[in-house]
Amino acid sequence: MRDDPERDRKDVRLLEQCRQGHLEAFGELVERYRVRIYNLAYRMLHSREEAEDVTQETFLNVYRSLGNFRGERLAPWIYKIASNLCLDHLRRRRPSVSLDERSGEDDDTAREIADRTCVPEDEALAAALGEDIQRAIDSLPPKYRSVVVLRHIEDLPYEDIAEVLGVPLGTVKTRLFRAREMLRVRLDGTR
Amino acid sequence: MDCAEVYRWLQAYLDYSVTAEQERAVEAHIRGCPSCRRRLLSLARTVSALERADRVPPRVEFTLRLRRTLEEEAERRRRGG
């Protein structure tokens, strides 16, 4: 989901209509984000049931908070609600904090990171990797998991990820750097 | 550039987020260093695999349930509940 001013303008129009009580506008808004939010939750939680719960809870929260929303862009706000709910689910699942989570990170040099996807790969192999990738994502501590999913599955720009997670841009880059390295070692097994 | 320095720049290089000068330095290093070259290719494969992961479609029953729940919520609010 790259920067898309047209999408943002349409979101704002829908938001206004929702505030005026047009239920069909809210329905349209849900349609625009339903699959994305479900996928964010599914990739974060690796459970259809939990992803469904989070998706439903997200839109109920959005609906109840429409009147208080003062931001200009809906996307980061909706992702923030969903991502916090996912992290709550993970917290409830995991009573102990992993070593990875306790490690410091903010002193790291921030690295400018965008994306590059031009590595040719056999389609069948990629399909077969789907489950491996999900398991690799599952192995990440939650804060690394969310940054990877928001960046590489949901295609959010860094600035939006920083807003969604409520952390500085440098922290997003550092987490992404570490997360990709962990995934690389896990998926490829080379150091 | 030595391997430690290349390691720091590898991810940025992968994302085209290095200066032209750094890019040349990284490329010069990996041409002569199989170990850094392997690491770069391995990172590129990881990112590529992530980004090619298919979207998972929500179940139809769930989508119907979601609509119903939201309509019920709207109805509750309309009644001032």
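Here the structure is a predicted model, which is why all the values come from computation and not from measurement. (Residues numbered from 1 in each chain as written. Chains lettered and ligands numbered in written order. Predicted model: local features only at pLDDT ≥ 70, side-chain atom pairs only at ≥ 80, totals over all residues.)

K.L.:
Describe the overall build of chain A, with residues and values.
P.N.:
Assigned secondary structure in chain A consists of 9 helices and 0 strands. Each helix and strand of chain A, ordered N terminal to C terminal, gives the series α-α-α-α-α-α-α-α-α. Looking at chain A as a whole, 38% of its 191 residues are labelled buried. Considering only intrachain contacts with a sequence separation of at least 6, the fraction spanning at least 24 residues in chain A is 69%. (Helix = DSSP H or I, 4+ residues; strand = E, 2+ residues; numbered from the N terminus. Buried ≥ 20, exposed ≤ 12 C-beta atoms within 10 Å, placed from the backbone. Contact = placed C-beta atoms within 7 Å.)

K.L.:
Lay out the domain arrangement of chain A with the relevant residues and their values.
P.N.:
Residue and element names in this part refer to chain A. Split into domains, chain A comes out as domain 1 (5-93) and domain 2 (107-188). Taken together, the contact pairs 14 residues of domain 1 with 15 residues of domain 2. If one sorts the elements of the side of domain 1 that touches domain 2 by residue count, helix H4 (residues 74-93) sits on top with 8 residues. For the side of domain 1 that touches domain 2, a count of residues per class yields 8 nonpolar, 3 polar and 3 charged. (Domains from an automatic or database assignment. Nonpolar A, V, L, I, M, F, W, Y, C, P; charged D, E, K, R; others polar.)

K.L.:
Describe in detail the nonpolar core, supporting the description with residues and values.
P.N.:
Counting 58 residues, the largest nonpolar core has Ala41, Ile78, Tyr79, Ala82, Val147 and Val148 of chain A as its most contacted members. At 11 residues, helix H2 (residues 23-45) of chain A tops the list of elements feeding residues into this core. Contact partners of Val148 of chain A, with chain neighbours within four places excluded, come to Ile137, Leu140, Leu176, Ala179 and Leu183 of chain A together with Leu50 of chain B. (Core = buried A, V, L, I, M, F, W, Y, C linked by C-beta atoms within 7 Å.)

K.L.:
Which residues make up the packing of H2 of chain A against helix H7 (residues 142-153) of chain A, and what are the values?
P.N.:
The axes of two packed helices give the description: the angle between them and the distance between them. All names here are of chain A. Here H2 crosses H7 at 140 degrees, and the two axes come no closer than 10 Å. By the criterion of interaxial angle, the relationship of H2 to H7 is oblique. The handedness of the crossing between H2 and H7 is right-handed. In this structure, H2 contributes Asn39, Leu40, Arg43 and Met44 to the contact, and H7 contributes Arg145, Ser146, Val149 and Ile153. When the residues that make up the contact of H2 with H7 are grouped by side-chain class, the tally is 4 nonpolar, 2 polar and 2 charged. (Axes fitted to C-alpha atoms, helices over the stretch in contact; angles between N-to-C directions. Parallel < 35°, antiparallel > 145°, perpendicular 65-115°, else oblique. Left-handed = near helix turned anticlockwise from the far one by under 90°.)

K.L.:
Describe the interface of chain A and chain B, naming the residues involved and giving the relevant values.
P.N.:
Each side of the interface is counted separately: chain A has 37 residues, and chain B has 32 residues. For the side of chain A that touches chain B, the elements supplying multiple residues, two or more each, are H2, helix H3 (48-65), helix H6 (123-138), H7 and helix H9 (169-188) of chain A. Residues of the side of chain A that touches chain B, tallied by class, amount to 19 nonpolar, 7 polar and 11 charged.

K.L.:
Talk me through helix H4 (residues 60-78) of chain B; I want residue IDs and the actual numbers.
P.N.:
Compared with the 27 Å implied by 1.5 Å per residue over 19 residues, the 27 Å span of H4 of chain B between its first and last C-alpha is a close match. Trailing H4 of chain B by a residue or two, Gly80 of chain B shows a phi angle of about 80 degrees, which is positive. (Expected span 1.5 Å × (residues − 1).)

K.L.:
Tell me what's going on with unusual backbone geometry, and back it up with residues and numbers.
P.N.:
All names here are of chain A. We note that His46 has phi near 50 degrees; this positive angle belongs to a residue other than glycine. Its place among the elements puts His46 in the loop between H2 and H3. On the basis of neighbour counts, which here come to 15 C-beta atoms within 10 Å, the residue His46 falls in the partly exposed class. Although it is not a glycine, Asp155 adopts a positive phi angle of roughly 60 degrees. By the secondary structure assignment, Asp155 is in the loop between H7 and helix H8 (158-165).

K.L.:
Let's hear about helix H1 (residues 3-14) of chain B: which residues, and what values?
P.N.:
With 12 residues, H1 of chain B should cover 16 Å at 1.5 Å per step; its first-to-last C-alpha distance of 16 Å lies within 8% of that length. Along H1 of chain B, the residues that are buried comprise Val6, Leu10, Gln11, Ala12, Tyr13 and Leu14 of chain B. Next to the buried residues of H1 of chain B lie H9 of chain A together with helix H2 (20-32) and helix H3 (34-51) of chain B. Positioned one or two residues after H1 of chain B, Tyr16 of chain B has a phi angle of 60 degrees, which is positive.

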